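As a plain string of letters, each chain reads:
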Amino acid sequence: MTTAIQPAQPEQVELAQKDPKKYLPNGARRITIWNGLGFGVGDVFGGGSGALTGTYLSLFLTSFAGLSIAQAQSIQGVATMLSAVTAIIIGGLSDSMYKFKIGRKLGRRRMFILLGAPLLVLGMGMWLPGFSYWFYFASFFCWTVTLQIIMIPYATLPSEMTTDFNGRTILSTTRMFMSGLAGSLVPIVGAALLNTLGNHAGTYTVIGVGIITVFILCVLCVYFTTWERKPEELDPEDVATGEKKTMREHLSTIGHVMLSYLSTLRVRAFRQHMAIYLIALTFVEMFMNVFMFFTIYAWNETAAFASLLLSLGVIWMPASPLQGWLFSKLGANGLYSVTFAGAILGIVSFYFLHLAQGTIPDHTWVIVTMVVFALFLFFKGLIYFVPWQVFPFIPDVDEIMTRHRREGVFSSMMRFLRVLTQGLGAMFIGFFLQNVGFNATKKQQTPEALNGLITLSVWIVIAGLAVAWAISLTLRLNKKTHAVLIGEIDRLKAGGSKADVKPEVRKVVENLTGIKYDKCWPDEPAAKTATVQ
């Protein structure tokens with residue numbers, strides 16, 4: 001599942017000379033804001049799916065489907081973890097689909113996006129009342145599998161569409177803009193429907209089915225507005241069809257695939273990136289998964305009020321360019337520090353708002369809560385934004401180590417580990433709340449259950465974010481170091497000698513890769529240990 005990029009062809013360079021506004025000097029297409037929007041609309045599904053299930057699914061299953069909090073969370077936890085194997089399979093297949101006729105016709109990445117769109121219909125079953133535990137489990141499992149099928153190839157598209165830092169920043173920024181927009185619009189729609197139709201099972205069905213329909217349209221839009229590298233731009237070995245294999249050879253290939261995934265952890269920047277990403281998102285999503293319960297029981301407010309608060313993220317949509325600018329100026333670790341400090345301060349404020357109830361006028365409390373929560377949502381958005389700004393540059397670090405492009409492998413590994421931790425987080429919520437006596441069908445909780453809910457929502461989440469913050473201080477991948485890395489790769493591709501490396505370049509490469517410079521850029525490209533034929 002590795003891919004070596006071929007040098008620009010003469011006809012590509014000629015295109016760049018004829019139309020420099022449309023093409024870069026190397027012949028690659030320039031990324032415009034319209035390209036960014038076409039790509040970014042895909043994360044209406046990526047960001048909106050989490051907002052939909054994280055905000056409403058547990059509440060629906062416990063209040064209207066007759067499940068306990070432990071059962072509701074086990075559905076999300078176990079099904080999510082079981083679907084993790086899909087991440088491994090899809091990444092390998094998407095890297096190798098040019099070996100097959102269907103891949104050459106529909107695209108090795110975009111084919112999965114096209115095929116995954118209609119499968120989202122299976123997730124509508126989650127929002128139908130009156131069925132058994134196993135029905136909801138199966139429906140949610142299908143939903144999470146389809147999420148992998150679509151989002152793993154989708155995450156590789158910035159690296160497929162351009163190698164330009166600014167172009168990738170446009171794609172990542174618009175993607176995060178759309179993700180944040182969806183994350184805000186889902187609760188806006190939910191709040192409007194709850195206020196209009198009332199808090200009953202049918203309302204949640206309308207919310208779920210209606211929003212999933214929008215997701216399907218957005219995913220289809222991505223397929224028709226994006227592109228990827230053509231077969232002739234890749235190493236011939238990556239697109240050549242293979243002969244039929246014996247069972248032993250197939251088993252050997254599977255073993256090599258597993259080794260390829262494990263080899264991603266050799267890259268220091270990727271290890272740091274994954275530690276930050278997994279810890280931060282797992283704990284912030286734990287908070288978001290219980291926020292509806294926190295609002296109802298700790299703040300004594302309604303589900304509609306919680307939806308209203310979640311919708312406040314829409315006010316930060318114009319700030320997406322600011323996020324990209326901050327990333328460019330501060331680098332990943334600098335922006336992470338700002339992000340985690342703001343998020344932790346916001347969550348601490350929620351605890352003091354709990355204590356302040358009844359001590360200040362209700363209207364004052366509501367205004368303060370809305371302001372504080374709106375600020376928190378800005379920093380929460382950055383927790384999602386920064387990792388996906390970093391990710392497109394990880395395969396560049398790997399390239400100087402292996403002389404191959406392995407976007408699919410890294411995307412799959414990232415998604416695989418993310419799904420595992422997401423499932424563990426959901427299961428932990430159910431186990432913890434069940435253990436403290438939490439019961440979502442009751443109008444009031446016991447003091448023990450309420451204290452447990454507050455401990456989980458505030459102090460446990462803060463501890464997790466603090467750990468992620470500490471790790472982020474060690475990350476040094478930014479625009480400057482990436483430019484140094486790309487410059488060195490280009491020099492070596494042009495036939496430059498490793499013996500001529502500048503000391504400052506050696507230091508940057510070793511810091512990002514985690515290995516000695518002399519072991520980088522092997523004389524022969526690293527063995528393709530993960531080829532699917």
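Reading the values: rules and limits
- Along each chain, the written sequence defines residue order, and numbers are assigned to residues from 1.
- In keeping with the predicted nature of the model, local features appear solely for residues at pLDDT of at least 70, side-chain atom pairs appear and are counted solely at 80 or more, and the whole-chain, interface and lining totals rest on all residues.
- With hydrogens and water set aside, each side-chain value is computed from the structure's full complement of heavy atoms.
- Remark: nonpolar core denotes a set of buried residues (Ala, Val, Leu, Ile, Met, Phe, Trp, Tyr, Cys) joined through side-chain atoms within 4.5 Å.
- Partly exposed describes any residue whose relative accessible area lies between the buried limit of under 20% and the exposed limit of over 50%, with all areas from a 1.4 Å probe on protein chains only and scaled to the type maximum.
- Every helix listed is a DSSP run of H or I at least four residues long, and every strand listed is a run of E at least two residues long, numbered separately from the N terminus.
- Any two residues having at least one pair of non-hydrogen atoms within 4.5 Å are treated as being in contact.
- Only the contacting stretch of a helix is used when fitting its axis, a line to C-alpha atoms as for every element, and angles between N-to-C directions run 0 to 180 degrees.
- With respect to orientation, any angle under 35 degrees is reported as roughly parallel, any angle over 145 as roughly antiparallel, any angle of 65 to 115 as roughly perpendicular, and every other angle as oblique.
- When the near helix sits turned anticlockwise from the far one by under a right angle, the crossing is termed left-handed; a clockwise turn instead gives a right-handed crossing.
- Lys, Arg, Asp and Glu make up the charged group, whereas Ala, Val, Leu, Ile, Met, Phe, Trp, Tyr, Cys and Pro make up the nonpolar group; the residues left over, Gly among them, are polar.

### Here we look at the nonpolar core
In terms of nonpolar packing, the biggest core is built from 160 residues, with Phe350 and Phe376 touching the most fellow members. When residues in this core are grouped by element, the largest group, 19 residues, is from helix α12 (residues 268–298). Residues contacting phenylalanine 376, with those up to four places away along its chain left out, are Val284, Phe287, Met288, Ala343, Gly346, Ile347 and Phe350.

### Digging into unusual backbone geometry
Here arginine 403, not a glycine, exhibits a phi torsion of approximately 65 degrees, which is positive. Among the secondary structure elements, arginine 403 is positioned in the loop between α16 (394–402) and α17 (407–435). Under the relative-accessibility criterion, arginine 403 is labelled partly exposed at 23%. Even without being glycine, tryptophan 521 reaches a positive phi, approximately 45 degrees.

### Some details on the side chain of threonine 174
Topologically, threonine 174 is positioned in helix α9 (residues 165–197). Overall, the relative accessible area of 7% leaves threonine 174 in the buried class. Excluding residues within four positions of it along the chain, threonine 174 makes contact with Ile33, Gly36, Leu37 and Gly40.

### Here's the deal with the packing of helix α3 (residues 43–63) against helix α4 (residues 69–82)
Packed helices, taken two at a time, are described by their axes: the angle between them and the distance between them. Contact pair α3 / α4: the axes reach a minimum separation of 9 Å and the direction vectors enclose 135 degrees. By the angle class used here, α3 and α4 are oblique. The two elements α3 and α4 cross, and the hand of that crossing is right-handed. When α3 is examined against α4, the residues Thr53, Leu57, Ser58, Leu61 and Thr62 are found in contact with a partner set consisting of Ile69, Ala72, Gln73, Ile75 and Gln76. Broken down by class, the residue content of the contact of α3 with α4 amounts to five nonpolar, five polar and no charged.

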